[in-house]
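An overview of the molecular structure
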Amino acid sequence: MLRFSFACVLLISATPSLSALDVYVSATGDDSNKGSSASPVASLERARQIVQPVAGKQPVTVHVGDGVYYLPDSLRLGPEDSGTQESPVVYQAQNRGKTVLSGGKKLELQWRPYRDGVFQTSTPVGLSIDQLFVDGQLQRMARYPNYDPQKKTQAYQGHAADAFSKSRAAGWKDPTGGFIHAMHRSRWGGYHYRITGKDSEGNVTYEGGWQNNRPSGMHADQRMVENIFEELDAPGEWYHNAKTNTLYFYPGPAVNLQTAKIEVVRLRHLIEFRGTESQPVRHITLKGFVFRHSARTFMETKEQMLRSDWTIYRGGAVFLKGTEDITISDSEMDQLGGNAVFVSDYNRRVKIQRCHIHDTGASGVCFVGNPNAVRDPLFRYGEKNDLNQVDRTPGPKNNQYPADCVVDDCLIHGIGRVERQPAGVQIEMASQVTVRDCSIYDCARAGINIGDGAWGGHLIERCDVFDTVQETHDHGSFNSWGRDRYWSSNRAESQAVIDYAPDFPFLDAYQTTVIRNSRWRCDHGWDIDLDDGSSNYDIYNNLMLSGGLKLREGFRRRAWNNITINNGLHPHVWYNDSGDEVFSNIFMAAPQGARMPTPTAKGKRIDENLYYAKTPGMKDRYADFGWDRNSIVADPLFVNPSQGDFRVKDGSPAFEIGFENFPMDQFGVKDKTLKAIAATPVIPELEIKSQMNRPRSDSGRITIPRHTIWMGVRASDLKGAEFSAFGVSADEGGIALSGFAAQSAAAKVGLKEGDLIQAVNGSKTKRVDDLLAETLKAGDQPLQVTLIRDQRAMQIEIRDVPFLTFRRQSTNELSVDAGLKRTPKVLANQSVRDEPLSVLIDGRLDSNYGPVFGNGVTSGIYKLDLGQPQVIRSVAVWSHHLQQRRGPQRWTLYASASEKDPGWNVNDAKSFRPLTSVDTRRMNHDAFNEVVYSAERGADLGPVRWLVWQVSPVTSQSENTSFQEIRVR
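These numbers were taken from a predicted model, which means no experiment stands behind them.

1. A word on the sheet that holds strand β10 (residues 132–134)
The strand order across the open sheet formed by four strands is β7-β20-β10-β11, and the pairing between neighbours is antiparallel. A strand with exactly one partner marks an edge of an open sheet, and here the two such strands are β7 (104–107) and β11 (137–138). Relative to β11, β10 runs antiparallel, the two sharing two bridges. The residue of β11 that forms the bridge with F133 is L138.

What follows is the structure, encoded as structure tokens:
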């Protein structure tokens with residue numbers, strides 16, 4: 001032992017020591033100095049020049065003193081600036097957070113009053129201003145409508161349909177250089193346009209709109225314009241006239257322009273690492289800096305990803321290409337105009353650690369490979385490969401993509417302040433990226449997005465992701481796509497090839513991606529959303545607080561040991577024999593299938609789950625397909641749910657289905673400095689369901705048949721042999737009446753079972769839609785009806801029956817309601833989005849979605865409880881014509897006088913009385929539209945406690961009505 005120790009001492013003594021070089025930078029230094037502590041240089045560029053000759057030969061630390069360093073150009077670090085593992089190069093702030101690297105410029109200005117609280121000043125000739133900072137805070141370009149910080153989840157924190165209308169633009173002398181920002185029609189992201197002027201007729205002209213990869217036009221209402229001089233009318237707004245070199249600013253009451261620090265932005269990239277695979281930039285660390293003042297890049301967001309919904313700008317405040325072992329740590333990315341960090345093409349072992357990234361114009365951290373590394377890449381959503389001809393070699397073609405990179409212990413929030421296709425962490429064409437111990441929230445879109453299956457192997461763990469999808473729609477806190485080689489928008493095409501070659505979905509997603517030990521909450525979508533094609537995922541030990549788990553078409557998704565609070569599984573259009581497994585989870589709602597399950601599209605195993613509910617049948621929705629036959633319905637005995645501790649107690653029945661507790665105190669950032677300022681999600685109250693939500697109408701289970709009701713009886717189109725039975729041709733058509741009850745209006749006016757209505761008031765009624773349209777058009781006037789009875793034509797006049805009226809208006813004025821004996825309560829048979837159900841009886845008309853059923857939901861039902869049976873005379877329903885699409889109404893109204901809740905089976909004649917169906921799609925709609933169902937003069941609609949509306953989508957995209965108000969009199 002003594003001999004061994006002596007040998008070690010000799011070996012250590014014989015090893016030459018590497019002397020370290022320390023270089024000092026000071027805001028008061030001089031670049032003619034040597035860079036010592038006593039003689040510091042003034043710039044990072046000069047420090048880089050001093051370091052370069054010894055980089056990689058000895059350890060180097062560049063100490064940067066407190067202060068603001070305005071970079072004249074991007075600091076570029078190349079292979080010649082590299083360190084080694086033994087001799088790394090470190091650029092670090094002497095005090096964390098006290099050294100600012102700025103891509104901007106400080107202005108010395110002389111302000112003078114202009115008018116109405118606005119000040120003006122002259123600026124240097126040739127100065128272009130994209131962003132203005134006053135005392136370190138970003139101000140806003142003059143805009144319409146004005147910014148309202150209280151509208152956190154409203155697009156652009158203020159939007160208007162007339163944002164750039166001809167009438168609005170009439171007040172603009174020259175809008176050239178302004179910008180239009182508009183949401184995608186389906187709210188999948190946004191568009192941006194540069195205004196080029198006005199045409200001869202006064203219409204605004206513009207260019208742009210390439211930022212969304214699934215273009216379908218601007219949202220009709222969610223629009224905003226900025227950089228328009230005439231819209232300078234609110235504190236915090238500014239406008240720069242580059243032609244006259246004049247800056248206008250409307251300061252808030254707390255701003256003293258005589259002492260305020262005024263800064264503008266110049267650079268898109270502050271620091272660039274640029275190498276190649278053969279000559280990478282290596283072993284450099286940036287530590288402790290504040291990165292500020294990078295330019296907005298939304299008009300350069302053009303590059304299409306792999307059939308993703310987005311395009312992207314390949315750049316950021318810190319840009320990396322061709323690197324190995326680069327670390328950015330303990331730094332702040334503050335109010336940057338575009339992406340904060342962009343890792344492009346070949347990169348290995350990049351680490352982003354203990355960073356605070358906030359209020360970015362675009363994404364936080366992006367890992368994006370080169371499409372040249374992808375086999376048979378496609379870019380626009382609608383493009384298709386010949387699936388029989390694609391390359392069947394697994395994995396990438398080359399190494400031009402990020403791999404083995406880490407985002408660790410970072411606080412990321414305020415993502416997408418400018419663009420609406422951002423993510424806290426974005427992963428595209430990359431391999432084995434780890435996102436660990438991160439808190440990500442307040443995002444316009446997803447918190448974490450994986451844009452394709454190429455090439456998987458990612459790990460997401462111990463993250464806290466919430467308050468996401470704040471301004472967009474139809475995705476989740478975690479969102480992914482897998483529109484890879486195997487995927488086609490024509491599902492049958494992919495299925496045919498996969499049936500022959502089961503390994504096809506795993507050619508790109510050849511490594512398993514893991515999502516574990518994380519907490520998620522999305523109130524405007526799903527907590528975890530695996531969308532089109534996402535394959536090869538393991539999802540376990542996750543706490544989902546709101547939106548549940550969505551698994552759309554894909555292969556081999558295994559989800560186990562997760563907890564979904566107040567929600568459950570959302571399986572959408574699975575492939576046949578997909579190999580999906582969902583087991584040992586705690587759910588609080590029955591699965592909500594979309595166009596599934598079917599005998600072949602039902603996954604591998606959906607079983608042994610616990611459903612926390614009061615109804616024993618909660619687990620049985622899809623039992624016919626073999627789902628949940630060994631699952632249980634029970635109280636899992638959570639430890640302390642009000643405090644967010646959803647572990648289960650000893651003796652919990654959850655252990656019977658294989659559930660295992662996982663930590664509830666390890667979500668999000670761990671760094672003490674970041675944890676002290678990090679937010680956490682609101683923990684929801686438990687909603688233990690006493691009955692199942694109705695399944696979607698496109699799910700695998702047969703739903704309650706939907707009937708059209710006319711004058712209290714069923715009205716049906718003819719089909720097949722029925723034309724012959726009535727003695728009419730298919731061209732003549734008609735509507736057959738059935739389901740007569742003695743108290744129905746149809747029976748009272750002499751109509752009979754089997755009558756066939758062929759015309760109303762002289763207009764042919766070949767189909768049910770025709771009948772409803774003509775009835776609505778007639779209002780309270782008599783109906784002249786032509787019908788076939790016993791294969792003979794006849795005419796009757798119908799009067800003194802309940803009737804429908806339609807009214808539209810451009811304003812949100814609503815008359816004072818006479819009221820009911822008791823305040824009603826509104827229920828729904830399944831989850832609604834955007835607004836609570838209570839807004840339907842709040843006495844207001846608003847320009848929003850209202851409590852809307854999701855797109856594709858064809859089985860939505862609203863129920864109004866009047867508290868006790870009451871005699872009513874009319875029922876009025878208001879809607880908002882949101883996006884010029886959601887104002888039409890399609891519903892069937894039922895009534896019940898039951899003392900107890902009659903449930904949801906509207907076809908139960910013992911519980912419900914059918915009244916009428918409505919379809920206003922053929923009417924002209926305005927901003928707000930009212931349909932009133934009224935009793936005939938001097939009569940009433942009878943004693944009613946419960947009113948039920950069975951609603952249907954009103955657009956070709958299966959979008960539902962934006963209902964606003966229900967009035968009962």
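2. Some thoughts on the side chain of T961
Mapping T961 onto the fold places it in the loop between β74 (943–951) and β75 (963–968). Overall, the relative accessible area of 2% leaves T961 in the buried class. Within the local environment of T961, its side chain forms a polar contact with the backbone oxygen of P888, the two atoms lying 2.6 Å apart. Contacts of T961, omitting those with residues within four sequence positions, involve Y849, V852, S879, R886, G887, P888, Q889, R890 and V954.

3. With respect to the pairing of strand β42 (residues 513–516)
Where strand β39 (residues 459–461) meets β42, three bridges bridge the pair, whose relative direction is parallel. Note that in β42 the partner of I460 across the bridge is I515.

4. Some details on the confidence of the model for the chain
Should the pLDDT be low somewhere, the predicted coordinates at that spot are not to be read in detail. Overall, the prediction assigns the chain a mean pLDDT of 92, with 95% of residues at 70 or greater. Counting interchain partners and residues more than four positions distant, the pLDDT-below-50 stretch residues 1–17 has zero contacts. This model gives residues 700–704 a pLDDT under 50, and the stretch forms 18 contacts once residues within four places in sequence are excluded.

5. With respect to helix α2 (residues 44–51)
Turning to α2, its buried residues number three or more, namely L44, A47, R48, I50 and V51. One face of α2 carries all of its buried residues, which in axial projection span an arc of 160 degrees. Tucked into the core, α2 has its buried residues touching β1 (21–25), β2 (60–64), β4 (75–77), β5 (89–93) and β6 (99–102).

6. Digging into the state of the cysteines
Taken as a whole and judged by the stated rule, the model has zero disulfides. No disulfide involves C366; its sulfur sits 12 Å from that of C443, the nearest cysteine. Accessibility expressed as a relative area gives 0% for C366, which makes it buried. Not part of a disulfide, C438 finds its nearest cysteine sulfur in C410, a span of 4.8 Å. With a relative accessible area of 0%, C438 lands in the buried category.

7. Topic: the environment of N372
Position of N372 relative to the elements: it lies in the loop between β31 (365–368) and β32 (402–403). Given a relative accessible area of 53%, N372 falls into the exposed group. Taking the C-alpha atoms as reference points, N372 and K397, 25 residues apart in sequence, are found 7.6 Å from one another. The residues contacting N372, other than those within four sequence positions of it, are K397 and N398.

8. Section: the sheet that holds β74
Where strands meet in a sheet, backbone hydrogen bonds hold them as pairs that are either parallel or antiparallel. Across the sheet, which stays open at both edges, the five strands sit in the order β66-β69-β74-β71-β72 with antiparallel pairing between neighbours. Since the sheet does not close on itself, it has two edges, and those belong to β66 (825–828) and β72 (913–919), each with one partner. Going across the sheet, the axis of each strand differs from the next one's by a mean of 20 degrees, ignoring polarity. Sheet topology note: the β66/strand β69 (residues 861–871) ladder contains four bridges and is antiparallel. Each residue of the ladder has a partner; that of A828, found in β69, is Y862.

9. As for the nonpolar core
Among the nonpolar cores identified, the biggest contains 86 residues, and F273, V341, F367 and F478 are the most heavily contacted of them. L837, L866, L893 and V918 belong to the second largest nonpolar core, which has 30 residues in total.

10. A word on the pattern of salt bridges
The full count for this structure, using the stated rule, is 67 salt bridges. Across the pair R292 and D334 runs a salt bridge whose closest N-O atoms are separated by 2.6 Å. Of the two residues, R292 sits in strand β23 (residues 289–292) while D334 sits in strand β27 (residues 332–334), which places them 42 residues apart along the sequence. Here the salt bridges do not stand alone but share partners, grouping R214, D309, R445, R483, D529, D531, D532, K550 and R552 into one network.

11. Overview of the side chain of D221
Position of D221 relative to the elements: it lies in strand β17 (residues 218–226). Buried charge without a salt bridge: D221, with R223 as the nearest opposite-charge side chain at an N-O distance of 7.8 Å. In this structure the side chain of D221 is engaged in a polar contact, spanning 3.1 Å, whose partner is the side chain of H159. With near-sequence residues (within four places) excluded, D221 lies in contact with H159, A160, A161 and L882.

About the cut-offs
Residues numbered from 1 in each chain as written. Predicted model: local features only at pLDDT ≥ 70, side-chain atom pairs only at ≥ 80, totals over all residues. Heavy atoms only, no water. Pairing = 2+ DSSP bridges. Helix = DSSP H or I, 4+ residues; strand = E, 2+ residues; numbered from the N terminus. Buried < 20%, exposed > 50% of the residue type's maximum accessible area, 1.4 Å probe, protein only. Polar contact = N/O pair within 3.5 Å; in protein donor to acceptor, adjacent residues only side chain to side chain. Contact = heavy atoms within 4.5 Å. pLDDT = per-residue confidence, 0-100. Arc of directions from axis to C-beta. Disulfide = S-S within 2.5 Å. Axes fitted to C-alpha atoms, helices over the stretch in contact; angles between N-to-C directions. Core = buried A, V, L, I, M, F, W, Y, C linked by side-chain atoms within 4.5 Å. Salt bridge = Lys/Arg side-chain N within 4 Å of Asp/Glu carboxyl O. Lys, Arg positive; Asp, Glu negative; His and termini not counted.

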